[in-house]
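Results of the structural survey
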Amino acid sequence: MASSTRSQALLLLVVLLPALVAAFSEDNPTDQRVLVLLEDLALKSSHSIFFKSLSSRGYELDFKLADDTKLALQRYGEYLYDALILFAPSVEGHLGGNLDVAAILDFVDSGHDLILAADTHTSDLIRDIATECGVDFDEDTEAVVIDHINFAIEGESDHSLIIGDKLVESDVILGKGGVKDPVLFRGIGHSVNPASDLVVTVLSASPSAFSAPPNAVLKSPPALTGTSISLVSLVQARNNARILVSGSLDLFSDKFFKSSVQKFGSSSRSGSGNEKLAVELSKWTFHERGHLKAVNVNHHKVGEKDEPSMYRITDNLEYSLEIYEWTGKAWKPYQADDVQVQFYMMSPYVLKTLDHNGKGLFYTSFQVPDVYGVFQFKVEYRRLGYTSLTLSKQIPVRPFRHNEYERFIKAAYPYYGGAFSMMTGFFIFGIVFLYHK
Amino acid sequence: MAVVNGIVLVLAVYCSVTLACASLHPLSEAEKVAAKQLFISRDDGSFGSLEETYQAVKSLKLLKSDEVDAVKICNFVARSVNSTCGTKDTFYGIRTAELLHCQDAAKVAESVVPTLIDGLKHAKSLVDLYYTVDALSTIKKHHWSLASHSFAHAVEGVLGRVKALAGSHGTWRFAEDETDSSAKAAGFAFEITAAVIDICGYDSHESEVKFLKAAAQKLIEKSERDEDGAHYFDEFKDDKFSGNGGALIVSATVLRGITALAGVLPDGIKVREEKMFGFARFFLSIGTLDSATEAYYQLEALSALENNRILIPLAVSFTSSVLSLSSHDKLEVIVSTVLGSPFPHALLTIISAHKVGEETAPVLTDQELQSVEGDHKYIFDLVSDFEVGKYDLKIEVKPATAELSYKYSAGDLTSARITVTGKVSVSSIQIAVLDSDTGSPEFTTSLDFSKKEKATLSANHLQKLRVTFDLTSPSGGAYTPQQVFFKLQHESGVEQLFVVTSSGKNFELSLDFLGLVEKFYYLSGAYALELIVGDVTMENSFLWALGSLDLDLPEAPEGATNPPAVRLDATKRFGPKEEIAHVFRQPERRPPAQLSNSFFVLTLLPLVGLLVGLSSVGANLKYLPTSGLPLLSALGFHGGIAAILILYSLFWLKLNLFTTLNILGFLGMFTCVTGYLALSHLAEQSSKVKTA
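Bear in mind that the values here come from a model prediction, so they are computed numbers and not experimental data. The residue numbers shown here count from 1 along each chain, following its written sequence. Chains and ligands are labelled sequentially in the order written, the chains with letters from A and the ligands with numbers from 1. For a predicted model such as this one, the threshold for reporting local features is a pLDDT of at least 70, and the threshold for listing and counting side-chain atom pairs is 80 or more; totals across whole chains, interfaces and linings nevertheless cover every residue.

UniProt tags residues 33–285 of chain A as "domain: OST48 N-terminal" (unreviewed entry). Helix numbers and strand numbers start at the N terminus; a helix is a DSSP run of H or I with at least 4 residues, a strand a run of E with at least 2. In the segment residues 33–285 of chain A, helix accounts for 21% and strand for 28%; the C-alpha atoms at its two ends are 14 Å apart. UniProt positions are given in the numbering used here, feature names are shortened, and annotations may be inferred rather than shown by experiment.

Our next topic: the sheet that holds strand β15 (residues 455–460) of chain B. Residues and elements named next belong to chain B. In this description, strands pair whenever DSSP reports at least two bridges between them. One open sheet accounts for five strands, arranged β15-β22-β21-β17-β18; its pairing is mixed. With partners counted over all chains shown, the strands left at the sheet margins are β15 and β18 (495–499), one partner each. Averaged over all pairs of adjacent strands, the angle between strand axes in this sheet comes to 25°, irrespective of strand direction. Examined bridge by bridge, strand β17 (residues 483–490) and strand β21 (residues 525–534) share eight bridges and lie antiparallel to one another. By the bridge assignment for β21, Phe485 is matched with Ile532. Axis lines are fitted through C-alpha atoms, for helices just across the contact stretch, and the angle between N-to-C directions can take any value from 0 to 180 degrees.

This brings us to the domain arrangement of chain B. Along its sequence, chain B is organised into domain 1 (29–147), domain 2 (155–310), domain 3 (314–421), domain 4 (425–555) and domain 5 (623–685). Domain delimitation follows an automatic or database domain assignment. Distance between the C-alpha centres of domain 4 of chain B and domain 5 of chain B: 107 Å.

Every contact between the two is made by 61 residues of chain A and, on the other side, 62 residues of chain B. Of all the secondary structure elements, the ones that give two or more residues to the side of chain A that touches chain B are α2 (42–46), β13 (199–204), α7 (254–258), β24 (347–353) and α9 (413–435) of chain A. Examining the composition of the side of chain A that touches chain B, we find that 16 residues originate from one element, α9 of chain A, more than from any other. Throughout this entry, Asp, Glu, Lys and Arg are counted as charged residues, while Ala, Val, Leu, Ile, Met, Phe, Trp, Tyr, Cys and Pro are counted as nonpolar. The remaining residues, Gly among them, count as polar. Along the lines of polarity and charge, the residues of the side of chain A that touches chain B split into 27 nonpolar, 21 polar and 13 charged. C-beta atoms are placed from the backbone for every residue, and two residues are taken to be in contact when these atoms lie within 7 Å.

So, about the UniProt feature "domain: Ribophorin II C-terminal" (unreviewed entry) in chain B. In this structure's numbering, the residues bearing the UniProt feature "domain: Ribophorin II C-terminal" (unreviewed entry) are residues 584–685 of chain B. Along residues 584–685 of chain B one finds 77% helix and 0% strand; the C-alpha atoms at either end are 67 Å apart.

Residue and element names in this part refer to chain A. Relative to the helices and strands, Asn150 is located in the loop between β8 (144–147) and β9 (162–164). Taking the C-beta count within 10 Å as the criterion, Asn150 has 23 such neighbours and is therefore assigned buried. Remark: the alpha-carbon pair of Asn150 and Gly164, spanning 14 residues in sequence, is separated by 7.9 Å. What Asn150 contacts, discounting residues up to four positions off in sequence, is Ile162, Ile163, Ser206, Ser208 and Lys263. Three exposure classes are used, all based on how many other C-beta atoms lie within 10 Å of a residue's own C-beta (placed from the backbone): buried at 20 or more, exposed at 12 or fewer, and partly exposed between those limits.

What tends to happen in soluble globular proteins is that the nonpolar side chains get buried as a cluster. Formed by 131 residues in total, the largest nonpolar core has its most connected members in Leu126, Ala189 and Ile192 of chain B. With twelve residues, helix α10 (residues 183–200) of chain B is the largest single contributor of residues to this core. Counting 87 residues, the second largest nonpolar core, distinct from the first, contains Leu37, Ala117, Val202 and Leu384 of chain A. In this description, a nonpolar core means buried residues of the types Ala, Val, Leu, Ile, Met, Phe, Trp, Tyr and Cys, linked to one another by C-beta atoms lying within 7 Å.

Here, UniProt's "domain: Ribophorin II third" (unreviewed entry) annotation points to residues 428–551 of chain B. A distance of 24 Å separates the end C-alpha atoms of residues 428–551 of chain B, which is 3% helix and 60% strand.

Shown next as structure tokens:
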């Protein structure tokens, strides 16, 4: 009895362990532990509103100095944290506990989230991490983003405290209604690969901005200018790990959260949108929004309930699945009019938009094409700010059986008539031929 | 080399000296607001315990906040302080009542005096002594007790006990059984001394006080100094007597003790100016605070710094470091104490003002700033002397009279960098398309800056584009902004940026398209032209859409680099795909039903013909055997044939090949046998007929 209890407990432990240490998991999406690496413990209080917002949403924040020698992301091969906030722009070489670029990237590669903030003096280590995530900071280490037209008068006289209002229009990234107030930014700019689908620039600079040392005399055009300067970017890796990269650490500070903003040349003051932006972006990064899961994928012939092992050409079928979105507390039915299913063999034969009932059920029906072979039901749902859903289910399609073709074709009646009249004739003629006298 | 080294050394020494006493900036409004938010009152008006309430009331008073409900707190104090509560609570209660001028203060005080005097004998640690003696001194100061004349007798011997706890180098032990001595304990010792002198005067304890004064001076010299010139006491250990340690609380306690002691000594305590500024710098640079207690200690220390008999450091701040020439801004300097109360009796002189980056003579020297009555500001009108640009100012701040300068100091010279901005005028903007070979203009257009006019141009790769304009500073001189960009943006989004260079006032950019075709990726089509001019000293930085250029470039040759990818709008990158519906194979065309039917009828016609023919020839069955085996075999034979024909029909309708062949086998055999019999009978008969 005792041994069975013990073995049960052991089994439970073995079952639970992966759930305890995994990154954002759909089975157990709450209880996220976040390692916060700071350059200076003063950041804990100067950025307290941001951290408070995280801990009030249920995150366990573990504050450590970035050069703490006891730092460890994993122990015995299991990760100790679900996410990492790296607020240590100028830490050189490697982080404490021999955490290097590779260790951080492994952490992200295993599906964990990362918030990375750079600043005017950003070390090669932080630049390397960002580069590996697809975000290239300006190579000039002295450069900051300067905008002589869109700057806040509260800032230094070098016009490096700029006002960003070119935000991506996406409710899932910025929350409902988006960020209306101008965002204060002081830091460095970066560029992202324009061809990449994984990186999204959330905040970009205005056309008059450029990235250069504040007092530099510009003899040649700066490497980064205008709207191609990204100030804050989001990356969603193929494994749905999310990364937030900001060129400004001050963007998250209490000072910027609470500061009022007056753009040069404008007489109106408004509150800054920094708090909303930072909080909403952290919600997105920690999967409180835009994380989808698909369940109950189902397909069957019209009028039936069970999933067949194969379809015949020209069968009518019904396909349905349920999609839910994580809201930070519960899975909520997802609503969208653009979920599509493909009936796919080498290329899509049928591509259809799914209807939905507003309660997460997406469904459609269509006729199997008159081509046989091994097909797939494919749902490839990629939308800005949402995790990508990629589902595929293989299903063979066979041609008609010999007895499934049409019988008694009207056009063949002359043939039938010919054959039967000949047979009857033969029978009668045979009798008459033999017995006629 | 040695000379260079010497200069570096001199500079280093100079810097370190200036750093030590360089000017201070007062506690900013934002920091005050942040500090205020740390104190949260409860429903009964208090802020928690008596200690927390005292700290909150004191801090909010120093912050000049009126968020304190005095009546409620007085009631709270009256309720909480009585003869049974500890010396600590009593002390904080009395102090709070003093701060708020509570009406019941005397009553409360009278009720605790016997306990306090009694407690004096049993006090084990410096902290207990401090609470008791200080509470007694407060009560005596306000004559809240009838027994206050007996306090002097009660505190006799206290200083002896304090002196007995002294450690080496100005530190103190908290209690007799302690071995470690600390600076924090010394702070308490100084305060006890100050309170004792308050109660019974300086004369009766001269030897002990002299010892303590020497210890205080020793301790002050022991303070640590960081690279920014801030002075502090670095003890991070907590103790069981007074709780939290940490540099902020320890330094604040020591400073409070020393200023209190200096306040009661007839000749004060001499502390070097550098030290006082160092402490001020430390408490002002503490940054964001975590707790109400920390905010209290910071404010308490700053208040000790602005209210002491040693030396009051003055802070110098500027209302704005950016001054606009066009709106006739004046340089405004505010001299205040560290907590921001204005100091109106100062003499300010601009020692020198240098334009940054230019090794020329100073723009001005030795100019006095005017004091503005009532505003507590000192102003200077820059307009006449300054051109747009950045300037380094050195300002000397001195108390107005010699008497004041014993009490106040603003440190060494105040350095400040100010930016003088103005409106730059833009004129003679001309865009021309030139012939590449002859250089003669083929098209020229002038634009008006004030109207932000636009031009429409066209050019090909054998032509040049020339953009010229003049920039003039407000004073009429040449002006070179940091950012002078000319941008061409192709309709596909590919951008080309050029820096426009100047000679004097004239800016000119010439683009020879023949040499630039590769840089332009051979992209023909419409280009939007933009001129961006900006600088920190320019008030009218602008981005001017100059119009469009229709550029005709040659076709890209084989192997030319492709234009870079242009970032699409993120919202447009993802989206639903177009629906695909499968096109089914169309069924083959069939003849209409009537045609099939009529042909069906036609196929039946030969049968009808046969039947008609047979009946017309008078077909009969006279040969049919009439009886016996021949009849049976004939019926069997024809029945077999009929059965085989029916089997064929059934095969067509439902049977499969195997059943059909099976049945056909039997039927065939049967038909064969019966056929043989029937036909042999017929043959016999016909041979009979022939022979007959």
